[in-house]
Amino acid sequence: MTSIVISGSGLYTPPHAVSNDELVKAFNRWVDLYNEENASAIDAGQIPAKQYSSCEFIEKASGIKSRYLVSREGVLDPEVMQPLIPERGDEKPSVMVEMAVAAAEQALLAAGREPGEIDLIIVAASNMPRPYPALAIELQHYLGAGGAAFDMNVACSSATFAIKTAADMLAAGTARAALVVNPEICSGHLNFRDRDSHFIFGDACTALVLEREATSRQPHPWALVDARLVTQYSNNIRNNFGFLNRCSPDTRYSHDKLFVQQGRKVFKEVLPMVSELVTTQLAEAGWQSQALARLWLHQANLTMNQFIARKILGHDASTDEAPVILDRYANTSSAGSIIAFHLHNQDLPAGARGVLCSFGAGYSVGSLLLERR
């Protein structure tokens, strides 16, 4: 069977870091304004008063301490409470493709490849800037790549599903060298007025170069030994924004047009899915958990990651075994596990084994077994 490897990775980090303290101050100021404006209805018992957020609450609930945003000014303005990202003319590159180009150029440099050598691009993310033309084709244009390009969306598992798709196409001979890119402007679909989730997301973009091992110019690439994907329908994480919203004026701006979730149900239902998939995958591959050098897990919630790592390894994982990047990046959806991989793989020697795993809305779970050549 043709061996497919990851030969390069890249990461774009937005310039604006926003701490929990900054986010909480803005949120609590909005709470004061809301409660003042609705004082009569609150006093009459018609609506509940909004409650303050706190840094302690955020860190205990998620492990998040900060995040990077494409735009911070609107987010920290109690009168706005959303990122302000002006639309661009069609003749200019989109914001997301600028992020994608930056991450892709890093990945290409690491792989020793030129853009013209790429003949497959998959842009996989939770949200795209438009239905068409595909962001991947726009990226192909601005990079100067050839072949074919298309978009994918499997929410937080978009990256792992795209990696598997690219690997299959490479193995089949459909492409020679592939680029998987994950531009995530998660702040754009986050309700910054929701106490339970206003802190969850950050923005970032990751990129990976995949190719056949026989053609790789990287001396120690990561071989994709096995990939498992599974989905299960659930409404517990949802975003109902879409082109048909304009056809229903009464509900087009309802709260469900942004990120909504039932966190406790997600925790209860997703964790067994992830643990079972990965442990079964390891057993069928003949990999012992003690032989794993690293787990690059989806970066959504610290408690979830600690639970999954414990199930896989049989003990509480150190941050060396299961690196944490969500403390400073927050949840970057599909980019999270790739950020962890990008920042925490170069120290591992040839023969090292690891698991790269994502999970989220859908539900969806993607798990990759990787071995350093």
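Every value quoted in this text rests on a predicted model; they were computed, and no experiment measured them.

(A) Broad picture of the packing of helix α7 (residues 263-285) against helix α8 (residues 302-313). Taken N-terminus to C-terminus, the directions of α7 and α8 make an angle of 30°; their axes are 9 Å apart at the nearest point. Crossing of α7 against α8: the hand is right-handed. Together, Phe267, Val270, Leu271, Val274, Ser275, Val278, Thr279 and Leu282 of α7 and Thr303, Met304, Phe307, Ile308, Lys311 and Ile312 of α8 make up the contact between the two elements. Broken down by class, the residue content of the contact of α7 with α8 amounts to 10 nonpolar, 3 polar and 1 charged.

(B) Geometry of the pairing of strand β11 (residues 292-297). Counting buried residues along β11, 5 of its 6 residues qualify, which places the element largely inside the surrounding structure. Bridge analysis of β11 against strand β12 (residues 353-360) gives 5 bridges, and the strand direction is parallel. Note on β12: the bridge partner recorded for Leu297 is Cys357.

(C) Local environment of unusual backbone geometry. Residue Pro133 follows Tyr132 across a cis peptide bond; omega there is -5°. Positionally, Pro133 belongs in the loop between β4 (120-124) and α5 (135-143). The omega torsion of the bond from Gly362 to Tyr363 falls at -5°, within 30 degrees of zero and hence cis. A positive phi angle, close to 60°, is found at Met81, a residue other than glycine. Mapped onto the elements of the fold, Met81 is located in the loop between β3 (66-69) and α4 (95-111). Here the phi dihedral of Ser333 falls at roughly 55°; this positive angle occurs in a residue that is not glycine. By secondary structure assignment, the location of Ser333 is in the loop between α9 (326-329) and α10 (335-343).

(D) Representation of the side chain of Gln140. Mapping Gln140 onto the fold places it in helix α5. The class of Gln140 is buried, set by a relative accessible area of 13%. Ignoring any residue separated from it by four or fewer positions in sequence, one finds Gln140 in contact with Ile121, Ala145, Gly146, Gly147, Ala148 and Ala149.

(E) The arrangement of the packing of aromatic side chains in detail. Overall, the coordinates contain 9 aromatic pairs when judged by the stated rule. When the centroid spacing of 5.5 Å and the interplanar angle of 40° are considered together, the rings of Trp30 and Tyr34 count as tilted. On the criterion of helical spacing, the pair formed by Trp30 and Tyr34 is a turn pair, its members being 4 residues apart in helix α1 (residues 20-37). A centroid spacing of 5.8 Å and a plane angle of 90° characterise the contact between Phe57 and Phe199, whose relative ring orientation is edge-to-face. With a gap of 142 residues between them, Phe57 in helix α3 (residues 55-62) and Phe199 in the loop between β6 (177-185) and β7 (203-212) connect regions that are remote in the sequence.

(F) Spotlight on the pattern of salt bridges. Taken as a whole and assessed by the stated rule, the structure comprises 20 salt bridges. We note a salt bridge from Lys65 to Glu59, for which the minimum N-O separation is 3.8 Å. On the basis of relative accessible area, Lys65 is assigned to the partly exposed category, the value being 45%. Looking at Glu59, the relative accessible area reads 39%, which means it is partly exposed. Here Arg113 and Glu117 are joined by a salt bridge, their closest N and O atoms 3.1 Å apart. Take Arg113: its relative accessible area is 12%, and that puts it in the buried class. Overlapping salt bridges, with partners in common, bring together Arg113, Glu117, Glu211 and Arg217 in one network.

The rules behind each value
Residues numbered from 1 in each chain as written. Predicted model: local features only at pLDDT ≥ 70, side-chain atom pairs only at ≥ 80, totals over all residues. Heavy atoms only, no water. Axes fitted to C-alpha atoms, helices over the stretch in contact; angles between N-to-C directions. Helix = DSSP H or I, 4+ residues; strand = E, 2+ residues; numbered from the N terminus. Left-handed = near helix turned anticlockwise from the far one by under 90°. Contact = heavy atoms within 4.5 Å. Nonpolar A, V, L, I, M, F, W, Y, C, P; charged D, E, K, R; others polar. Buried < 20%, exposed > 50% of the residue type's maximum accessible area, 1.4 Å probe, protein only. Pairing = 2+ DSSP bridges. Phe/Tyr/Trp six-rings, centres within 6.5 Å; stacked < 30°, edge-to-face > 60°. Salt bridge = Lys/Arg side-chain N within 4 Å of Asp/Glu carboxyl O.

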